[in-house]
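Structural features, examined
What follows is the residue order along each chain.
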Amino acid sequence: MTIFSKILAGQIPCHKLYEDAHVLAFLDIKPIARGHTLLIPKEPAVTLDALSDDAAAAIGRALPKVCRAVMKATGATSYNVLQNNGAAAHQAVFHVHFHIIPVLEGRQLGIAWDAAASDQALDTVLARQIATLLG
Ligand code: 5GP
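Residues numbered from 1 in each chain as written. Predicted model: local features only at pLDDT ≥ 70, side-chain atom pairs only at ≥ 80, totals over all residues. Heavy atoms only, no water.

What follows covers helix H2 (residues 53-74). With 22 residues, H2 ought to run about 32 Å at 1.5 Å a step, and its terminal C-alpha atoms sit 31 Å apart, in line with that. Along H2, the sharpest change in direction is near 25 degrees and occurs at Ala62; proline Pro64 comes one to four residues later. Looking at H2, one finds that the buried residues are Ala55, Ala58, Ile59, Ala62, Leu63, Val66, Cys67, Val70, Met71 and Thr74. The inward-facing, buried residues of H2 contact strand E1 (16-19), strand E2 (23-27), strand E3 (37-41), strand E4 (79-82) and strand E5 (98-102). Just past H2, the residue Gly75 takes up positive phi, approximately 85 degrees. (Helix = DSSP H or I, 4+ residues; strand = E, 2+ residues; numbered from the N terminus. Expected span 1.5 Å × (residues − 1). Bend = angle between axes of the 7 residues up to and from the residue. Buried < 20%, exposed > 50% of the residue type's maximum accessible area, 1.4 Å probe, protein only. Contact = heavy atoms within 4.5 Å.)

If you want it as structure tokens, here you go:
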């Protein structure tokens with residue numbers, strides 16, 4: 001059972017921002033910036049790819065609404081939505097969650113974007129492979 005399952009079960013308190021039948025939003029206990037929010041599905045999927053279509057749709061419906069309220073309440077005009085999957089991708093709580101992180105007073109998510117030029121030949125093969133998997 002993850003810490004988020006315990007929050008969902010009411011066993012651990014949180015600063016609740018929004019709840020419907022499928023999702024819960026609450027303030028992160030160690031915020032990067034004021035208003036740093038977590039939006040989670042009630043379905044206990046570990047990573048985003050494991051989420052059911054219904055839970056994914058509910059997250060998709062709630063996410064912009066929660067972003068709007070967090071931005072309005074904090075006064076932020078820029079923000080990041082971050083979603084980590086797997087320990088190597090900095091996931092620490094193994095229950096799907098979306099971070100909504102306002103950019104405020106010089107506090108914001110740091111991103112090391114180590115991009116490289118793409119290999120067009122390899123990308124042609126890879127794109128075909130992924131597209132085939134997507135049907
Ligand atoms: P991850 O690295 O898995 O993407 O982020 C997990 C987030 O959950 C972290 O930002 C961490 O501060 C937050 N978190 C962990 N435990 C609790 C808790 O008990 N309550 C709340 N509100 N947030 C938590």
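A few words on the site of the ligand. The ligand sits among 16 residues. The nearest are Asp28, His90, Ala92, His97 and His99. At a separation of 3.2 Å, a nitrogen atom of the ligand approaches a polar backbone atom of Ile29. At 2.9 Å, a side-chain N or O of Asn84 approaches an oxygen atom of the ligand. Here the ligand, which alone exposes 530 Å², has 83% of that area covered by the protein. (Near = heavy atom within 4 Å. Polar contact = N/O pair within 3.5 Å; in protein donor to acceptor, adjacent residues only side chain to side chain. Areas by Shrake-Rupley, 256 points an atom, 1.4 Å probe, with all protein chains shown as cover.)

The next subject is unusual backbone geometry. Glycine aside, the phi torsion of most residues is negative, and most peptide linkages are trans. A positive phi is found at His90, a non-glycine position, where the angle reads about 75 degrees. Note on placement: His90 falls in the loop between E4 and E5. By relative accessible area, which is 66% here, His90 ends up exposed. Phi is positive for Glu105, which is not a glycine, with a value near 45 degrees. For Glu105, a relative accessible area of 65% gives the class exposed.

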